[in-house]
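Listed below are the residues making up each chain.
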Amino acid sequence: MEYSGLMLEIGLILMVAFIGALLASRSRQSVILGYIAAGIIIGPYLHFQLGDFAYNGIIQETEFIETISELGLILLIFFVGMEFSLDKIRRVKGPAVILSILDVGVNLFTGILLATGLGWPLIDTLFLASVLAMSCSAVAMKTLMELGRLERPETEFLLGMIILEEFISMLFLTIVGGLVIHTDADFTVSSMLMGLGAFFLFFIIMAAVVVPRVIARLQKMKSDEMFVLFMLGAICLSAALAELCGVPALIGAFFIGMTFAESKITLRAERIIVPLRDAFVAMFFVAFGMLIDPSLFGSVWVIILMAVVLISVDEILIMSALAYLVGFGRRAATSVGASFSARGGESIMYASVGSQAAGATKGAELYPIAGAVTFIMSVLCPLYIRKAFSLADWVARKAPRFMTYGAGVISRTFNKMVMPGSQVFTLSRSLLIAFIAYLVLVLAVATTPGIPGLVLYYLAISSVVLIWYLLQKDLLNVVTKVDYANLGVREGMERTVSHYVATAACLGLIMVASVALMYLVYWPSVIVITLAYLLWFVYLMHLSYKRTCDAALYDEIRERSFQPTVTMQIEKPVFNYRQRWKDF
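To keep things clear, this report deals only with the structure shown in the data block. (Residues numbered from 1 in each chain as written. Predicted model: local features only at pLDDT ≥ 70, side-chain atom pairs only at ≥ 80, totals over all residues. Heavy atoms only, no water.)

Attention now moves to the overall build of the chain. Summing up its helical and strand segments, the chain has 24 helices and two strands in all. Scored against the burial criterion, the 584 residues of the chain give a buried share of 49%. A sequence separation of at least 24 residues applies to 81% of the contacts in the chain between residues at least 6 apart. Here the chain has roughly 30200 Å² of accessible surface; of this, 67% comes from carbon and sulfur atoms. (Helix = DSSP H or I, 4+ residues; strand = E, 2+ residues; numbered from the N terminus. Buried < 20%, exposed > 50% of the residue type's maximum accessible area, 1.4 Å probe, protein only. Contact = heavy atoms within 4.5 Å. Areas by Shrake-Rupley, 256 points an atom, 1.4 Å probe, with all protein chains shown as cover.)

Considering the arrangement of structural elements, one finds Ser 411 in helix α18 (residues 401-418). Owing to a relative accessible area of 7%, Ser 411 belongs among the buried residues under this scheme. Setting aside its immediate chain neighbours within four residues, Ser 411 contacts Tyr 324, Leu 325, Gly 327 and Phe 328.

Right, let's get into the nonpolar core. In globular proteins that are soluble, nonpolar side chains generally tend to be buried together. Core analysis: the largest hydrophobic core is formed by 92 residues, its most contacted members being Phe 78 and Phe 260. Setting aside its immediate chain neighbours within four residues, Phe 78 contacts Met 231, Ile 235, Ala 253, Ile 256, Gly 257 and Phe 260. Met 417, Leu 470, Leu 475 and Tyr 533 belong to the second largest nonpolar core, which has 76 residues in total. (Core = buried A, V, L, I, M, F, W, Y, C linked by side-chain atoms within 4.5 Å.)

This next bit is on a nonpolar patch on the surface. On the surface, Leu 118, Trp 301, Val 302, Leu 305, Met 306, Val 309, Val 313, Leu 317 and Ile 318 cluster together to form a nonpolar patch covering roughly 750 Å² of accessible area. Following the sequence through the fold, Leu 118 ends up in helix α5 (residues 93-118). (Patch = residues over 30% accessible without salt bridge, like charges linked within 9 Å, V, L, I, M, F, W, Y side chains within 5 Å. Salt bridge = Lys/Arg side-chain N within 4 Å of Asp/Glu carboxyl O.)

All right, on to the packing of aromatic side chains then. Per the stated rule, a full pass over the model turns up six aromatic pairs. Ring geometry for Tyr 35 versus Phe 285: centroids 6.5 Å apart, planes at 15°, classification stacked. Of the two residues, Tyr 35 sits in helix α2 (residues 31-42) while Phe 285 sits in helix α12 (residues 266-290), which places them 250 residues apart along the sequence. Judged on exposure class, the residue Tyr 35 and its partner Phe 285 are both buried. (Phe/Tyr/Trp six-rings, centres within 6.5 Å; stacked < 30°, edge-to-face > 60°.)

A separate point is the pattern of salt bridges. As enumerated under the stated definition, the model contains five salt bridges in all. Here Asp 224 and Arg 268 are joined by a salt bridge, their closest N and O atoms 3.0 Å apart. One end of the pair, Asp 224, is in helix α10 (residues 224-244); the other, Arg 268, is in helix α12, with 44 residues separating them in the sequence. The salt bridge partner of Arg 343 is Glu 315, with a shortest N-O separation of 3.0 Å. Pair noted here: Arg 343 is in the loop between α14 (330-339) and α15 (345-355) and Glu 315 is in helix α13 (residues 297-326), with a separation of 28 residues, a long-range link. Note on Arg 343: relative accessible area 0%, which makes it buried. When salt bridges with common partners are traced through the structure, they connect Asp 224, Arg 268 and Arg 271 into a single cluster.

To locate leftover empty space, one rolls a probe as large as a water molecule over the atoms. Enumeration over the complete set of coordinates arrives at one cavity of 30 Å³ or more. Approximately 70 Å³ is the volume found for the largest cavity. Around the largest cavity, the lining is made up of ten residues, and of these Ser 135, Ile 162, Glu 165, Glu 166 and Glu 346 lie nearest the centre. Looking at the lining of the largest cavity residue by residue, the class counts come to four nonpolar, three polar and three charged. (1 Å grid on protein atoms, 1.4 Å probe; cavity = no way out; pocket = protein on both sides within 12 Å on 5 of 7 lines; lining within 4 Å. Points joined across faces, edges and corners; volume = space filled by probe spheres on them. Nonpolar A, V, L, I, M, F, W, Y, C, P; charged D, E, K, R; others polar.)

Along the chain, the position of Thr 116 falls in helix α5. What makes Thr 116 buried here is its relative accessible area of 18%. Side chain to side chain, Thr 116 and Tyr 519 meet in a polar contact 2.6 Å long. In contact with Thr 116, other than residues within four places in its own chain, are Thr 125, Tyr 519 and Trp 523. (Polar contact = N/O pair within 3.5 Å; in protein donor to acceptor, adjacent residues only side chain to side chain.)

Attention now moves to the environment of Ile 101. Turning to its location among the elements, Ile 101 is positioned in helix α5. With a relative accessible area of 53%, Ile 101 lands in the exposed category. On a C-alpha basis, the gap between Ile 101 and Met 161 in space is 9.1 Å, while along the polypeptide they are 60 residues apart.

This paragraph deals with helix α6 (residues 122-133). Its twelve residues give α6 an end-to-end C-alpha distance of 16 Å, which sits within 8% of 16 Å, the value for a rise of 1.5 Å per residue. Here α6 has its buried residues at Asp 124, Thr 125, Phe 127, Leu 128, Ala 129, Ser 130, Val 131, Leu 132 and Ala 133. (Expected span 1.5 Å × (residues − 1).)

Here's what the structure looks like:
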């Protein structure tokens, strides 16, 4: 019998995965970091020499290992889909939906700017931005558990945001994958849309008709062996169907997991299949590490550093500020932003898919970038979470009074609009239609160059004007029910406050439309537009403070009362000796 060495390779991978996970756990880090480091060590790209000893890696052929590890990723995404609980989404629907979309959008925006500044092609730009944008929840949940913060109110919203971000990442991968995975010369956008339509129609029928009947039979099935065979067959066939429809196989696993979500077989599936999933997932991350060429770190370290800085700024500063403006308290908002700073399996998944995309030229660089960013941010995330409360208190002490006042008014207002339990705002149908029209126009602006794009831009601005008119009318009913007493809002300022909050929201919509227009014309202008918006927003907060705050009025009166009085200087007569002598 010929010896192939396959069992030796699989055994080595599993043992080094165990050692890497053990060392990472004892270092209080994510086991993913241990898997990736182990993969780099035994992979074919690590080379060094000590005297007469030369090390060139242990495993040279990785194709078969990659094929096996892909099953682990598919099983992982299947269980992610099973976590998609509609009940959880309903409980935290307002802030979770808003913050999930904003988090993915802000990180995609900065990632696209980074890749565009580096001169990367469009396909590679999309996947690099996705690597930077997709948050990882495992590190954050582990840290919150260690700090005893799982019982805090914002943790439930975090869980809802995690579920929605996973869904958004899969949906984005569906669209991007459908556009760039194909290598067929006969591929057209219409064929892609038909494939996506058939894919979604299949899973709608599965969720509405097939799965409810299958679950009743699976519950009666006593054999765990038959249960595992059915579930694995359903997962793999769904992944194959996704590839047949022109989207990544992972999407099929995610949607079949969604169809089984909240059913009575989820606990049984977790009990039986999770150990198998974990073993294959470990092989996937080890295989990913094996594909990282350490020699490339020297050429991409600047990109890695910029990515780490951008992610930290996006999550710790921007997302914390947005969470506060949506209605969270300052400590809870900073904790939300810090919790989404980690990067993990989702980033690695995008790097793996992006490196195989048709037309991709930066696939080899995506691996070390994703690995290094995942490693660094998984180390920084627990530190950010531990320091979140201190950072929130420090900002509250050091920020100017007009900024804390202006942000507090917006936060208090949106708290009554979107936060469950205190919501007094119902979105009117006309406002919803206007906002949907705005989103459609912005998407059209972002994909339409030239004069037609400019016309669409003006239509988008017109829709913002309509949104402002409708929003400030609806806000007036909200403002009258909000208690601003401890903020110092003067009585009778309800209409002014509603105008202020509506203007602050619509300024952001104008900025987004302007960015969508100018990115196609001259992308560096996007940075100028964003900075101009931030300065305008600060000025708006200062203006609101002057017009509506009691403290501002008191400061103005005090400045006037303590001004030094102007006294008339009476000139003393100059004694003229000569004139006096004549008079005498």
